[in-house]
Amino acid sequence: MKRFVVLVFSVYSFILGATEQAQKIFQDMAPSLYQIRLIDKATSEKSSIGSGFQISDNGYIATNYHVISGYAQHPEKYIIEYENDQGKKGHLSLQTVDVINDLAIVLLAENPQTQHFMISEQTPEKGEELYSLGNPHDLGMIVVPGTYNGLKKEAFNDRIHFTGSVNPGMSGGPVVNRFGEVVGINVASSGNQIGFLIPHDKLAALINNFDAQVEKTIDQQITEQLKANQNRLLTEIMANDWQTKSFADASIPDTGVNYIRCWGDSNADKTDALLFKAVTNCQMEEYVYISEAFTTGSIDMEFHFFKGEEISSTRFYQIYQTQINRAGASNRAGKEDVSEFECQHNITTDSDESIRNKAILCIRAFKKYRGLYDVMYLSASIDHDKQALVSHFTLSGVDKNFAQSFSKKFMESVKWN
Amino acid sequence: MELIIEEISHGKKLIGRHKFATSSVNIGRGFHNDIILSDPHVCAEHLSLQCEGGTWFVEDLESLNGSIFANKQSITRRHAIESGDIIQLGKSQLRFYFANHPVIKSVAFSELESLVERFGRWPMIITMIALFSVINFALLYLNNPNKEIVYSQIFIGVISVTVGYALWPLLCSLMAFLNKHEPRVGSQLGVSFVIINLFWFTDFFKALFSFNLSSQWSWGWLIALISIALTFSLFWFNLYIAFAQSAKRRFKIAAGITVLVYGGLFLNDLSDKPEFNPYPVYDATILTPVFSVAPASTTEAFIKQSDELFIDAEKQVDEKK
């Protein structure tokens, strides 16, 4: 019956213009839209806001994980509250999360209204008009029309590129097609008219796994998701045949995945520089958000080349040394999230002895999500009198096997030409 | 019996010494006395000493401020004195010895003494200070990341550091001087700079070890031990040159200052330590290829070694729970 209603509704809506369409959708769906807030128990004030939408007749509401991450990390500190279009407020309970896709499902247990959003079964066409719903900056529910531009290129985890204003506070709100079906969830904005959405199939998958997920604690769910995500990421990278690319007088690895992007710079334009310096920085421009103070799931690589033919070797090495003593992790993490780094160092060489390095490897362990580690590697070549190569990478949230196999592959693929 | 009278300071340091073969000695501010004290609290005729039948007696001549023995007993009537007695009159102190008073055994010129003497000669001092300055200069020069080096700046830096380091031995000499000992500026400077230069060598060996040895070898304690030993010997020599103390007392004071210095550094380190350090702490020491003497580890061995890191990191998580 419901499907029939939607069908009739969609046939009818074909004849309406975009603006009227937006108004219509908003009017129809407003009762199923909620503002989601975290209320700090100590002060009874809101500490974060976002949007959410009902996805079933018994009160389940979808939103972004990052909207309720404070509660997921510190349930004793916050309560999750909703406010509907009538201004009615009440409590919500957290059911399940998907930190990789920034999704969460919460439950409105007390007398939920029954109207809810349907999740689309189809992916939109490129150029299709979509409508983003949400409550930007706590200004009240609005609807923003925009265009579907396909999936974001060069991304490891799928995100829809949406041309339309997704503003803070709209996070967790639904993006619907002209039939009012959910095709994405607002998640991030990249400035002017560039918004990012989570594809609807990620939400569908979370709903399908719901029964199995709710059996586990939130921490267990997050641990499993982080492990699965790093497994997928590193399996793909390790399976690739790493090509080497030329960098100054050396060759450095190219992992062959398009979501690790490289940028370069050098001081060739600075005539008064004592050393010639060149740098290539390759990074994944996405990460997994766990909390304000804790991110993970990214890979960074950095290569520095130094050359100083006009100065003595001793002076070259003194200055070179100051360039390598301040490497750090690329992800944010605090005392409650990770241990402190444990480091080792040694003089190493690759299997065909083409380069001799002082290599440093540091590891820290995740505290809540056991079995995952952050890795920091730095090596400084020590076989040329007046030129040097520094190779560096960081991995966040990987297991021991991948940490070691990635390190090994990386170490073996940095060489002098 | 011959009587030896020493004028001594409050710190028991000798100011003057007189020997009398007579049978009576008068002490006071008046010019007719045998010992004339210029202390205004001493009367013109203050003390009188007489030798009767081989015993010396002391008598206060009803002086204004009186005379007292070191044990606080005041001299009201005639007292027999013993060799080694100290009498205070006014603000002055006198010590009395008989000619047969035993003296401590003579000290032979030690190896140590001749070593200190040798270090205290000016060619040695100049060489050591020059070595110190040259190393300092070289380090400042080598670490300068600019193409255009302002040499005058480096010179000023080196000179001020050298003067700074020289203040310590000079201070020791001043202390000795104030305590009525020979200042021995040369010996203080020479010995101090020899030891300070030894610290450079410790630094060099530390860098050589850091550079060549894998982190699995723990030798940091050895360097720490050497540094502490050098610091202790610096203070010990400073005391040896400045003051005539018993070996035990010198050891105690040198050890005390060393503990104070390293204890202070340790406490400072402890208070500087953040509650949680998000940055890795690693040893980034590198030297030129010439100094890379240890064999290189293979990638496999290096990765295998990292098993320990995972165990240690997990241990941290378990401990802090």
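Bear in mind that the values here come from a model prediction, so they are computed numbers and not experimental data.

Rules of the game
- Residues numbered from 1 in each chain as written.
- Chains lettered and ligands numbered in written order.
- Predicted model: local features only at pLDDT ≥ 70, side-chain atom pairs only at ≥ 80, totals over all residues.
- Heavy atoms only, no water.
- Helix = DSSP H or I, 4+ residues; strand = E, 2+ residues; numbered from the N terminus.
- Buried < 20%, exposed > 50% of the residue type's maximum accessible area, 1.4 Å probe, protein only.
- Areas by Shrake-Rupley, 256 points an atom, 1.4 Å probe, with all protein chains shown as cover.
- Lys, Arg positive; Asp, Glu negative; His and termini not counted.
- Charge placed at Lys NZ, Arg CZ, Asp CG, Glu CD.
- Pairing = 2+ DSSP bridges.
- Axes fitted to C-alpha atoms, helices over the stretch in contact; angles between N-to-C directions.
- Contact = heavy atoms within 4.5 Å.
- Phe/Tyr/Trp six-rings, centres within 6.5 Å; stacked < 30°, edge-to-face > 60°.
- Salt bridge = Lys/Arg side-chain N within 4 Å of Asp/Glu carboxyl O.
- Disulfide = S-S within 2.5 Å.

Visitor: Describe the overall build of chain A, with residues and values.
Guide: Regarding its fold elements, chain A presents eight helices and 25 strands. For chain A, the spread of C-alpha atoms along the three principal axes comes to 80 × 45 × 40 Å. Buried positions account for 56% of the 417 residues belonging to chain A. Accessible area of chain A: about 17400 Å², with a carbon and sulfur share of 48%. Side-chain charges of chain A comprise 38 positive and 51 negative groups, with the mean position of each set lying 3 Å from the other.

Visitor: Just give me the short version of the sheet that holds strand S3 (residues 60–63) of chain A, but keep the residues and values in it.
Guide: All names here are of chain A. The strand order around the closed barrel built from six strands is S1-S2-S3-S6-S5-S4, with neighbouring strands paired in antiparallel fashion. The sheet shows a mean angle of 45° between the axes of neighbouring strands, taken without regard to direction. In this structure, S3 lies alongside strand S6 (residues 103–107), joined through four bridges in antiparallel fashion. Looking across to S6, one finds that Tyr60 is bridged to Leu107. Against the sheet, helix H4 (residues 200–208) engages strand S2 (45–54), S3, strand S5 (89–98) and S6, with an angle of about 50° to S6.

Visitor: Which residues make up the sheet that holds strand S14 (residues 243–247) of chain A, and what values go with them?
Guide: Residue and element names in this part refer to chain A. The strand order S14-S15-S25 describes an open sheet built from three strands, whose pairing is antiparallel. Of all the strands in the sheet, the pair left with one neighbour each is S14 and strand S25 (415–416). For strand S15 (residues 250–254) and S25, the ladder comprises two bridges, and the chain directions are antiparallel. The residue bridging Ala250 from the neighbouring strand is Trp416, located in S25.

Visitor: Explain the packing of aromatic side chains to me, and be specific about the residues and the numbers.
Guide: Residues and elements named next belong to chain A. On inspection of all chains with the given rule, the structure shows 32 aromatic pairs over all chains. Measuring from centroid to centroid gives 5.5 Å for Tyr317 and Tyr320, while their planes differ by 75°, and the two rings are edge-to-face. Residue Tyr317 and its partner Tyr320 are both found in helix H7 (residues 313–322); the two are separated by three residues, about one turn of the helix. The exposure class assigned to Tyr317 is buried, which follows from its relative accessible area of 1%.

Visitor: Report on the pattern of salt bridges, specifying residues and quantitative values.
Guide: The tally for this structure, following the rule as stated, stands at 25 salt bridges over all chains. Between B:Asp307 and A:Lys400 there is a salt bridge, with the nearest N and O atoms lying 3.2 Å from each other. Of the two residues, B:Asp307 is situated in helix H8 (residues 307–320) and A:Lys400 in helix H8 (residues 400–412); the pairing between them involves two chains. With a relative accessible area of 30%, A:Lys400 lands in the partly exposed category. Two residues, B:Glu52 and B:Arg78, come together in a salt bridge whose shortest N-O distance is 2.7 Å. A residue pair is termed long-range when its members are at least 10 positions apart, and B:Glu52 in strand S5 (residues 47–52) and B:Arg78 in the loop between strand S7 (67–69) and strand S8 (79–80) qualify at 26 residues. For B:Glu52, a relative accessible area of 40% corresponds to the partly exposed category. Note on B:Arg78: relative accessible area 30%, which makes it partly exposed.

Visitor: Break down unusual backbone geometry for me, citing the residues and quoting the values.
Guide: All names here are of chain A. One non-glycine residue, Ser44, lies in positive phi territory at about 60°. If you trace the backbone, Ser44 turns up in the loop between strand S1 (33–40) and S2. The exposed category is assigned to Ser44, whose relative accessible area is 54%. Here Ala248, not a glycine, exhibits a phi torsion of approximately 50°, which is positive. Structurally, Ala248 is set in the loop between S14 and S15. Exposure remark for Ala248: the relative accessible area of 35% places this residue in the partly exposed category.

Visitor: I'd like a description of the state of the cysteines, backed by residues and values.
Guide: All names here are of chain A. Counted by the stated rule, this structure contains two disulfides over all chains. The disulfide bridge from Cys262 ends at Cys282, spanning 2.0 Å between sulfur atoms. Taking the torsion about the S-S bond as the criterion, the Cys262 to Cys282 disulfide, at about 105°, is right-handed. With Cys262 in strand S16 (residues 260–266) and Cys282 in strand S17 (residues 276–284), this residue pair connects regions lying 20 residues apart in the sequence.

Keep in mind these values describe shape, not function.
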